[in-house]
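Survey of secondary and tertiary structure
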Amino acid sequence: MAPTHVLRCCQRCLAWIPVIFIALVVCWSYYAYVVELCLYTITMMGERIVYLIFFHVSFVMFVWSYWKTIFTKPANPSKEFCLPKAEKERYEKEERPESQQEILWRAASTLPLYTRTGAGAIRYCDRCQVIKPDRCHHCSACDMCVLKMDHHCPWVNNCVGFSNYKFFILFLAYSLVYCLFIAATVLQYFIKFWTLCRRKSAENCPKNELNNSAKFHVLFLFFVAAMFCISILSLFSYHLWLVGKNRSTIEAFRAPVFRTGSDKNGFSLGFRKNIAQVFGDQKQYWLLPIFTSQGDGLTFPTRLVNADAEQATVTLQPDSNKCVPEVSVSPLSESQNRLLSNEQQANNAEDHLAENFLKSAESETVTMESES
């Protein structure tokens, strides 16, 4: 049986096959469009220049964003989310899950955490041995915990998360623009060559006249561009919807669990603020593959209410015996969220430990009474 490190090396090499395939397709499309179409097929100089300018602009932006998506390292939890050495040793020695959770509650009491597991426990990664920050998940393909993990994309051989989510969105956008531009400009020549090939085929022309290099590349280029347009459009539309809702792909399938329960809109702050979470406040940098996302990937503003994020205000229900006007509750700022989160975590940890202490005391009292 091959050693583990050899298997991992083989897996890493095989993981680059989709990226190499995309790179080969892009290189061929560049040759087919620039050489076969613009230089050998198009005769009008003005049309050729316009096509080449717009093609190279879309090509550079597409390659730039794709490169950034591939080679931007996923962000990991900081050291403050790691258990102290003494607590880590106690956690590993403990066999009871309840005792392990007590250790995690004490360690997490000073951390800015909102989300829990489905059972209400602290989210802890045994593989990475860290307390998971909000929206952080472990990627089995990358074998690491990734901040605000969205998914692992085989076409970029990287985990899409907080550090490169904007680059991934721009990669989808510019790849769609690239394919649409090619399909739109090649369409007239595709129709021309297609009808010409069919007419010559009906007239039983020699095969060498039909197998023209430019015709083959132009015809195949349109098919490939149209095929990629359809697939990319659906994926791009879905991720735009996720950005507008401030959700990751994981959160879209499994709503995050807060202290008050699961809430699919728990991180949504409204459409404009959700967009700013990914693209930043400076709109002049939105279309550039430059990191401008807000925050540090460890903490995120939350609404703290189970309400639809698209509503402008949240109306508190007044008591039936009192006449109280409607009160508008706005989302808290990030700093307020962090302070409130620390207080909630500390109170939660104290309540949890006190509850366990009372249970143990009650059991001891019952034992003493039975002995007497």
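Residues numbered from 1 in each chain as written. Predicted model: local features only at pLDDT ≥ 70, side-chain atom pairs only at ≥ 80, totals over all residues. Heavy atoms only, no water.

As recorded in an unreviewed UniProt entry, the chain goes by Palmitoyltransferase and comes from Xiphophorus maculatus. For the record of the chain, the UniProt heading Catalytic activity (unreviewed entry) holds the text "L-cysteinyl-[protein] + hexadecanoyl-CoA = S-hexadecanoyl-L-cysteinyl-[protein] + CoA". (UniProt positions renumbered as here; feature names shortened; annotations may be inferred.)

UniProt feature "transmembrane region" (unreviewed entry): in the numbering of this structure it lies at residues 15–42, 49–67, 167–191 and 216–241. Secondary structure within residues 216–241 divides into 100% helix and 0% strand; the distance between the first and last C-alpha atoms comes to 38 Å. (Helix = DSSP H or I, 4+ residues; strand = E, 2+ residues; numbered from the N terminus.)

Another aspect to go through is the layout of surface pockets. Computed from the structure, the largest pocket encloses a volume of approximately 590 Å³. Taken together, 19 residues form the lining of the largest pocket, with Arg-12, Ala-141, Cys-142, Asp-143 and Asn-157 sitting closest to its centre. Those elements giving two or more residues to the lining of the largest pocket turn out to be helix H1 (4–14) and helix H3 (45–71). Of the residues that constitute the lining of the largest pocket, the class distribution is eight nonpolar, six polar and five charged. Space inside the second largest pocket adds up to approximately 430 Å³. Around the second largest pocket, the lining is made up of 23 residues, and of these Ile-22, Phe-171, Ser-175, Phe-228 and Ile-232 lie nearest the centre. Contributions of two or more residues to the lining of the second largest pocket are made by helix H2 (17–39), strand S5 (151–153), helix H6 (165–202) and helix H8 (213–245). (1 Å grid on protein atoms, 1.4 Å probe; cavity = no way out; pocket = protein on both sides within 12 Å on 5 of 7 lines; lining within 4 Å. Points joined across faces, edges and corners; volume = space filled by probe spheres on them. Nonpolar A, V, L, I, M, F, W, Y, C, P; charged D, E, K, R; others polar.)

The next subject is the nonpolar core. Tyr-33, Phe-55, Tyr-165, Ile-182 and Val-186 are the most contacted members of the largest nonpolar core, which totals 53 residues. Those elements that provide at least two residues to this core are H2, H3, H6, H8 and helix H10 (271–279). Element by element, the count of residues in this core is highest for H6, at 18 residues. Those residues in contact with Tyr-165, other than ones at most four positions away along the chain, are Asp-150, Val-160, His-239, Leu-242, Val-243 and Val-278. (Core = buried A, V, L, I, M, F, W, Y, C linked by side-chain atoms within 4.5 Å. Buried < 20%, exposed > 50% of the residue type's maximum accessible area, 1.4 Å probe, protein only. Contact = heavy atoms within 4.5 Å.)

Quick look at the state of the cysteines now. Applying the stated criterion to the full structure yields zero disulfides. Cys-139 supplies the cysteine sulfur nearest to Cys-159, a cysteine that is in no disulfide, at a spacing of 3.5 Å. Owing to a relative accessible area of 0%, Cys-159 belongs among the buried residues under this scheme. Here Cys-229 stays unpaired: no disulfide links it, and the sulfur of Cys-179, its closest cysteine neighbor, is 4.8 Å away. What makes Cys-229 buried here is its relative accessible area of 8%. (Disulfide = S-S within 2.5 Å.)

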